[in-house]
There are 2 protein chains.
Amino acid sequence: MGVEERRQQLIGVALELFSRRSPDEVSIDEIASAAGISRPLVYHYFPGKLSLYEAALKRASDDLAARFVEPPTGPLGARLLRVMRRFFDFVDEHGPGFSALMRGGPAVGSTTTNALIDSVRQAAYEQILSHLEVADPPVRLELVVRSWISLAESTALIWLDGRRIPREELEAQLVHDFAALAAVSAAHDEEMSEILRAMLRYEDPEGPFGQLVTRLLALAT
Amino acid sequence: MGVEERRQQLIGVALELFSRRSPDEVSIDEIASAAGISRPLVYHYFPGKLSLYEAALKRASDDLAARFVEPPTGPLGARLLRVMRRFFDFVDEHGPGFSALMRGGPAVGSTTTNALIDSVRQAAYEQILSHLEVADPPVRLELVVRSWISLAESTALIWLDGRRIPREELEAQLVHDFAALAAVSAAHDEEMSEILRAMLRYEDPEGPFGQLVTRLLALAT
């Protein structure tokens, strides 16, 4: 194998192990053994476990950011629901590693890992703004979008802790939460209320946003 | 000064410094100088900066958890609004230290600091459940409360980044967000819809939850 090929293979093996168990519990010996090479050879390609962890995390981050990309066609609620499905696919595939990373801790709290987490959050933020077709977001829209992203993260972490709620329900709920947080902000601010109206203009009554309104009205009566 | 008295004084001085700047930027020399003692004497009481940081964080955590305590009387929305005011007071007083802590990083991502953050989240969670008078929370209620707590954290962090929205607006908005997230969950689940009805039973039409409904109805018309 060439140098770059071997590096990529090691990153893949490491990502697989770091996804299934907390990175604290994965040793270089284990990575070497899973890759079918010697421990010194691992160190030949990566100076230590942290650099291999960061390379694996970079690959996972690129993978997750790619899943946010959604064509700008059709109602917004349906687009967001498709993205939520792909997000939960990712969380499902990388459960223990995702939990360990997002909960922080000595093995994962490096400057590089934090920068990678931030870059994924920024990719999610920019994707949502592009779908809302808002080029210069007012500060309250920024708040709604960024705080909803953190809500999606914490919802996924709580789901991973025992998987006690079907993920399909949480995917739909997060889409509804986005509309609800935007509506609360719109109740406080005229500019947000115009953005909310534009956002809901092309919604299908049978789509996720339409369903939410129907269900909330049923609750109120 | 006695040993315990000196320790407490150092913790107070350190907390003050760690609150105003990122803990990474605060040196032991600076803490010694602010406390009016020598650097070796600081090390006599605390083996290193991390142990002093953890002691300061413990004091701040106890302080924050104490601010969550609210008498169980009057409408829920008004109680939650008072707690949000005290939460933003805390965030205001400890801004840079709070940001650095919650954003993680090498200096603050120890097992002890993560356990302290979790203990404050748990205190917030238990307080809210006690106000809802739910002893054995269904899993969907747990999700709403815990994910709302993370929403409050991220909202506070975004507020600290430039303070571009008046904090009073965000305090009211977070109370509204709680009702909105509970309503979304209630739209998916019968048990949650009963909890929501019980929660809103004694609300004042002029209180925060009543205001939200009025504003949302105005948006819809």
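What you see is a predicted model; the values in this text were computed from it and never measured.

Trainee: Can you tell me about the relation of the copies chain B and chain A, naming the residues and giving the values?
Mentor: The pair of chain copies shares a relation made of a rotation about an axis and a shift along it. Laying chain B over chain A is done by rotating through 180° and shifting 0.0 Å along the axis; what remains is an RMSD of 0.0 Å. Between the two chains, the operation in question is that of a two-fold axis. Taken together, the interface assignments show that 100% of the residues at the interface of chain B recur at the interface of chain A, consistent with an identical surface on both copies.

Trainee: How would you sum up the packing of aromatic side chains? Please name residues and give values.
Mentor: For the structure shown, the criterion picks out 10 aromatic pairs over all chains. Their ring planes at 85° and their centres at 5.0 Å tell us that A:Phe18 and A:Tyr53 sit as a pair that is edge-to-face. Taken together, the residues A:Phe18 in helix H1 (residues 3-20) and A:Tyr53 in helix H4 (residues 49-67) connect sequence positions 35 residues apart. Since its relative accessible area comes to 5%, A:Tyr53 is described here as buried. Judged by centre distance (5.5 Å) and plane angle (70°), the ring pair of B:Phe88 and B:Trp159 falls under edge-to-face. Highlighted residues: B:Phe88 in helix H5 (residues 76-93) and B:Trp159 in helix H8 (residues 139-160), separated in sequence by 71 residues. A connected cluster of aromatic rings, assembled from ring pairs, spans A:Phe87, A:Phe88, A:Phe98 and A:Trp159. In this structure, A:Arg146 is placed above the aromatic ring of A:Tyr125, and the distance from its NZ or CZ to the ring centre is 3.8 Å.

Trainee: With reference to specific residues and values, describe the nonpolar core.
Mentor: In terms of nonpolar packing, the biggest core is built from 156 residues, with A:Trp148 and B:Trp148 touching the most fellow members. Beyond its immediate sequence surroundings of up to four residues, B:Trp148 is in contact with A:Leu151, B:Leu80, B:Met84, B:Ile128, B:Leu143, B:Leu174, B:Asp177, B:Phe178 and B:Leu181.

Trainee: Go over H5(B), please, and point to the residues and values.
Mentor: Because each turn of an α-helix spans 3.6 residues, side chains separated by three or four positions in sequence point in the same direction. When the terminal C-alpha atoms of H5(B) are compared, their 26 Å separation across 18 residues agrees well with the 26 Å that a helix rising 1.5 Å per residue should span. Residues B:Leu76, B:Gly77, B:Arg79, B:Leu80, B:Leu81, B:Val83, B:Met84, B:Phe87, B:Phe88, B:Phe90 and B:Val91 constitute the buried set of H5(B).

Trainee: Give me the lowdown on the side chain of A:Ser22, citing residues and values where you can.
Mentor: Residues and elements named next belong to chain A. Within the element layout of this structure, Ser22 appears in the loop between H1 and helix H2 (28-35). The exposure class assigned to Ser22 is buried, which follows from its relative accessible area of 19%. Apart from residues no more than four positions distant in its own chain, Ser22 is found in contact with Pro96 and Ala100.

Scoring rules and cut-offs
- Residues numbered from 1 in each chain as written.
- Chains lettered and ligands numbered in written order.
- Predicted model: local features only at pLDDT ≥ 70, side-chain atom pairs only at ≥ 80, totals over all residues.
- Heavy atoms only, no water.
- Least-squares fit on C-alpha atoms with pLDDT ≥ 70 in both.
- Contact = heavy atoms within 4.5 Å.
- Phe/Tyr/Trp six-rings, centres within 6.5 Å; stacked < 30°, edge-to-face > 60°.
- Helix = DSSP H or I, 4+ residues; strand = E, 2+ residues; numbered from the N terminus.
- Buried < 20%, exposed > 50% of the residue type's maximum accessible area, 1.4 Å probe, protein only.
- Lys NZ or Arg CZ within 6 Å of the ring centre and 35° of its normal.
- Core = buried A, V, L, I, M, F, W, Y, C linked by side-chain atoms within 4.5 Å.
- Expected span 1.5 Å × (residues − 1).

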